[in-house]
Every structure is written in structure tokens, then in C-alpha cells.
Amino acid sequence: MGLDEITPETLLRMDLEENVVEGELPRHIEFPIHAEIFRARPDITCVVHTHPIYSIAFAATGQPLHAISHEGAQFTPSDIPRFTRTSDLITTRELGEEIASTIGESLACYLVNHGIVVAGNTIDKAIVSAINLERASHIQLLASASGQFFSWTLDEEIMGKREKIFGEGMIRNVWTYYCRRIGPL
Ligand SMILES: [Zn+2]
């Protein structure tokens, strides 16, 4: 199913051993990304994996991500980890474990030539952060494509910005905004 087709009725509840506990549809083939991050990090309650165009294009350039905009300040410093062992689908526990190890304690990682993974301790944090990562990647691609010098926020300023802009309350505000945009399901 496309992401825009998902409703509460189409969700599956699963255990970490690939068994569908509740729901009718077949499970997604890249389930091990989610399962192995959940197994490795008990603090994480939501793992987003998707294939967004700007993030994929940006990660393929090999440039480090910079805080050109507020969104970038959520992820750097340091640079976002990158999984490069394969660009193929993640269908085994072994590959899922490698992604869990790549993301480590970070909020997100790029799967180079494939997509992104974002791990949050709330659903709203994971979703809003995934959207922010796509925006940060898009903005840096635009700046790079200008062919001109571009600047970014210095590391010492970022921590203060991060607290103001990406604190729990602000993330929730953005999340509820996106929920209003979608409307009732
Ligand atoms: Zn994928």
C-alpha cells in the first residue's frame, strides 16, 4: 500500500520475531529495519523508514549535512551516520542489526542510494524528524546546486537553537499541524 493509503484499519501489530499478532495484510518486506532498532534500543517507540527523493539525492553526493536551515540543526553536529553496505532492500535480521548499529544513538541515518531511517521515542518526534530530514536534505541540495558559496549555522549556536525549535512541545505543535492538514481519517 502507498503511505497515503494507510488508515488505522490497515496497520499490523507484530512481535520482534516477524509474527503478525494483529491485522490481516502481509507484513512489509523491510520489517527487520524496525525490529532490530527496537531490539537494540528499548527507548525507541517509533522507527520511520521511507525512500524520500531529496534525502536520497543528497546522501548520494557524499557531502556532510550542514545546518543551512533550522531543520538541519536538528541533525548536526555531528554528521548523520550513513549505511553503505548495500543499497538493496533490508530483508534479513543481520542487515537490520547492521542498520541498528549504524544509527547507534543518533536520531537518523541515511541508507545511501536507498532511503532514510529515523528513530524516535515518540511517534510525533519520529515523523516530524523524518519530514525535517527531507527538508534539510532538500535545502542543502538547492544551496549546492547554486554553484555559489553557502554558509551554515556554527556548531556553538546549534545547541541553543535545537532546544528552542525541536523541544518536545514544539515537535508536538508541528505534529498536530500535520494532523490537521490530513484531516479526519
Ligand atoms: Zn527501503
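Our structure is the block above this text.
Residues numbered from 1 in each chain as written. Predicted model: local features only at pLDDT ≥ 70, side-chain atom pairs only at ≥ 80, totals over all residues. Heavy atoms only, no water.

### Focus: the coordination of the zinc ion
Part 1 of the argument: Taken together, the protein ligands of the zinc ion are Glu30 (OE), His49 (NE2), His51 (NE2) and His114 (NE2), with distances of 1.9 to 2.1 Å.
Part 2 of the argument: Because the angles between the 4 donor atoms bound to the zinc ion fall within 97 to 127 degrees, the donor set is best described as tetrahedral.
Part 3 of the argument: Within one chain, the residues serving as donors to the zinc ion are arranged as E-x18-H-x1-H-x62-H. With a gap of 21 residues between them, Glu30 in the loop between β2 (20–22) and α1 (31–40) and His51 in the loop between β3 (46–50) and α2 (53–61) connect regions that are remote in the sequence. (Donors = N, O, S within 2.8 Å, 3.2 Å for Na, K, Ca; no water. Tetrahedral: all angles 85-135°; square planar, octahedral: opposite > 155°, others 65-115°. Helix = DSSP H or I, 4+ residues; strand = E, 2+ residues; numbered from the N terminus.)

### A closer look at the packing of α2 against helix α5 (residues 123–145)
A packed helix pair is summarised by two numbers, namely the angle formed by the two axes and the spacing between the axes.
Part 1 of the argument: In contact at an axis separation of 8 Å, α2 and α5 are set at 55 degrees when each is read in the N-to-C sense. When the interaxial angle is binned, α2 and α5 end up oblique. Crossing of α2 against α5: the hand is left-handed. Of the residues in α5, those touching α2 at Ile53, Tyr54, Ser55, Ala57, Phe58 and Thr61 are Leu133, Glu134, Ser137, His138, Gln140 and Leu141.
Part 2 of the argument: In terms of residue class, the contact of α2 with α5 is made up of 6 nonpolar, 5 polar and 1 charged. (Axes fitted to C-alpha atoms, helices over the stretch in contact; angles between N-to-C directions. Parallel < 35°, antiparallel > 145°, perpendicular 65-115°, else oblique. Left-handed = near helix turned anticlockwise from the far one by under 90°. Contact = heavy atoms within 4.5 Å. Nonpolar A, V, L, I, M, F, W, Y, C, P; charged D, E, K, R; others polar.)

### Considerations on the packing of α5 against helix α7 (residues 168–182)
Part 1 of the argument: Here α5 crosses α7 at 80 degrees, and the two axes come no closer than 9 Å. What the angle tells us is that α5 and α7 run roughly perpendicular. Note on element contacts: α7 touches α5 through Ile171, Arg172, Val174, Trp175 and Tyr178, opposite Ile123, Asp124, Lys125, Ile127, Val128 and Ile131.
Part 2 of the argument: Considering only residue class, the contact of α5 with α7 consists of 8 nonpolar, no polar and 3 charged.

### Quick look at unusual backbone geometry
Part 1 of the argument: Along the chain, Thr76 connects to Pro77 via a cis peptide bond; the corresponding omega equals -15 degrees.
Part 2 of the argument: Looking at the element boundaries, Pro77 is found in the loop between α3 (70–73) and β4 (82–83).
Part 3 of the argument: Located in the positive-phi region is Glu18, a residue other than glycine, with phi close to 80 degrees.
Part 4 of the argument: Inspection of the secondary structure assignment puts Glu18 in the loop between β1 (13–14) and β2.
Part 5 of the argument: Using a relative accessible area of 35% as the deciding quantity, one classes Glu18 as partly exposed.
Part 6 of the argument: The backbone phi angle of Asn113 is positive, close to 65 degrees, even though this residue is not glycine.
Part 7 of the argument: Position of Asn113 relative to the elements: it lies in the loop between β5 (108–111) and β6 (115–120). (Buried < 20%, exposed > 50% of the residue type's maximum accessible area, 1.4 Å probe, protein only.)

In short, the description is geometric, and any link to function would need to be established separately.
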